Every structure is written in C-alpha cells, then in structure tokens.
Amino acid sequence: SHFGSSPQPTQPGSTRWPPLGLIIASAMATGARVLPKASRDKLERERGLGLATKTIASKSDIIEKEAGELAQAGNLKGAIAKYYECQAEGGNVAHKIKNLSSFLPYEYLLPKAGG
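All values reported here derive from a predicted model rather than from experimental measurement.

Conventions used here
Residues numbered from 1 in each chain as written. Predicted model: local features only at pLDDT ≥ 70, side-chain atom pairs only at ≥ 80, totals over all residues. Heavy atoms only, no water. Helix = DSSP H or I, 4+ residues; strand = E, 2+ residues; numbered from the N terminus. Buried < 20%, exposed > 50% of the residue type's maximum accessible area, 1.4 Å probe, protein only. Contact = heavy atoms within 4.5 Å. Areas by Shrake-Rupley, 256 points an atom, 1.4 Å probe, with all protein chains shown as cover. Lys, Arg positive; Asp, Glu negative; His and termini not counted. Salt bridge = Lys/Arg side-chain N within 4 Å of Asp/Glu carboxyl O. Polar contact = N/O pair within 3.5 Å; in protein donor to acceptor, adjacent residues only side chain to side chain. Patch = residues over 30% accessible without salt bridge, like charges linked within 9 Å, V, L, I, M, F, W, Y side chains within 5 Å. Axes fitted to C-alpha atoms, helices over the stretch in contact; angles between N-to-C directions. Parallel < 35°, antiparallel > 145°, perpendicular 65-115°, else oblique. Left-handed = near helix turned anticlockwise from the far one by under 90°. Nonpolar A, V, L, I, M, F, W, Y, C, P; charged D, E, K, R; others polar. Expected span 1.5 Å × (residues − 1). Arc of directions from axis to C-beta.

Asks: Got a minute to help me understand the overall build of the protein in this structure?
Replies: A tally of regular secondary structure across the protein gives five helices and zero strands. In the protein, the succession of helices and strands from N to C terminus is α-α-α-α-α. Across the 115 residues of the protein, 12% fall into the buried class. Here the analysis covers contacts within the protein between residues at least 6 apart in sequence; of these, 37% occur between residues at least 24 apart. For the protein, the computed accessible surface area is about 9,700 Å², with 60% contributed by carbon and sulfur atoms.

Structure representation (structure tokens):
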C-alpha cells in the first residue's frame with residue numbers, strides 16, 4: 001500500500017470499506033432535523049414569555065421559600081421549624097437544617113429584623 005490510499009481490509013474474503021460518499025449520505029439522512037424558521041421564532045417567543053415550561057410549585061417548595069425568608073430575617077428557630085415541615089412534605093432540605101442549626105449558638109449576634 002502506498003501513502004494516500006484508502007484503507008481496505010487486507011485479509012482475503014473480507015468485505016471492502018463502503019465508499020466515502022455512501023457514508024456521508026447516510027450520515028446526512030440520519031442527521032438532526034431543524035424546525036422551520038417560523039416555528040423556531042414562535043418557540044423562542046413562548047420561552048421568553050414563560051409559556052413553554054410551566055412548573056407548579058409543590059407544597060414543599062412553598063414551605064422551603066418561607067423558611068428561607070425566616071432565615072434571612074434572622075429567625076433561625078422559626079426557619080428550622082419550617083425546614084422540618086418542608087422535609088415532612090418530601091423536600092430535600094436536611095443540609096439546610098444542618099447548616100442553620102450550626103448557627104443557633106450565635107443567633108444573638110445576628111442583626112434583629114427592623115432594628
């Protein structure tokens with residue numbers, strides 16, 4: 001074999017490599033399809049308006065948000081209680097309970113809300 005020749009199996013009786021044109025044609029036939037421009041523009045507008053993906057907050061999400069607000073206001077005990085309530089609803093907040101609990105000894109150092 002000389003430099004620049006196409007690779008071919010050397011064993012007798014083995015099949016030859018398919019032609020490059022056939023490989024490219026089959027790859028193009030199975031490639032990703034692109035939506036028409038009008039459809040793409042419509043999807044982009046809906047995404048921008050938040051219509052394409054609607055998520056409904058679960059009860060645990062709402063409780064977790066309330067707990068976060070309590071924690072930011074400096075009410076660690078109230079926030080921890082809310083996080084436990086959230087955990088009972090199926091929320092994954094054990095790490096938040098642990099983190100807030102570690103600050104309980106220093107709660108008196110936190111600035112009081114409205115003060």
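Moving on, there is more to tell.
Asks: I'm lost on the side chain of E107 in this one. Help?
Replies: With respect to the secondary-structure elements, E107 resides in the segment after α5 (94-103). At 4.1 Å, K77 is the nearest oppositely charged side chain to E107, a buried residue that forms no salt bridge. A distance of 3.4 Å separates a polar side-chain atom of E107 from the backbone nitrogen of L76.

Asks: What is the right way to read a nonpolar patch on the surface from this model?
Replies: Nonpolar side chains collect at one region of the surface, where F103, Y106, Y108 and L109 lie side by side and expose about 520 Å² of accessible area between them. One can find L109 in the segment after α5. Note on L109: relative accessible area 59%, which makes it exposed.

Asks: Sorry if this is basic, but what is going on with the packing of helix α4 (residues 76-88) against α5 here?
Replies: Angle between the axes and distance between the axes are the two parameters that describe a pair of packed helices. Across the interface, α4 lies against α5 with an axial gap of 10 Å and an inter-helix angle of 165 degrees. One element, α4, and the other, α5, form an angle in the roughly antiparallel class. Seen along the crossing, α4 lies across α5 with a hand that is left-handed. Where α4 approaches α5, its residues L76, A79, I80, Y83, Y84 and Q87 are matched on the opposing element by A94, K96, I97, L100, S101 and F103. Counted by class, the contact of α4 with α5 contains nine nonpolar, two polar and one charged residues.

Asks: What is the right way to look at α4 in this model?
Replies: Given 3.6 residues per helical turn, the α-helix brings residues three or four places apart onto the same face. Here α4 is 13 residues long and its end C-alpha atoms lie 18 Å apart, about the 18 Å a rise of 1.5 Å per residue gives. Among all positions in α4, only L76, A79, I80, Y83 and C86 are buried. Down the axis of α4, the smallest arc covering the buried residues is 115 degrees, so these residues share one side. Facing away from the buried side of α4, by more than 90 degrees, are the exposed residues K77 and A88. In this structure N75 caps α4, since a side-chain oxygen of it lies 2.9 Å from the backbone nitrogen of G78. The first or second residue beyond α4 is G90, which carries a positive phi of 105 degrees.

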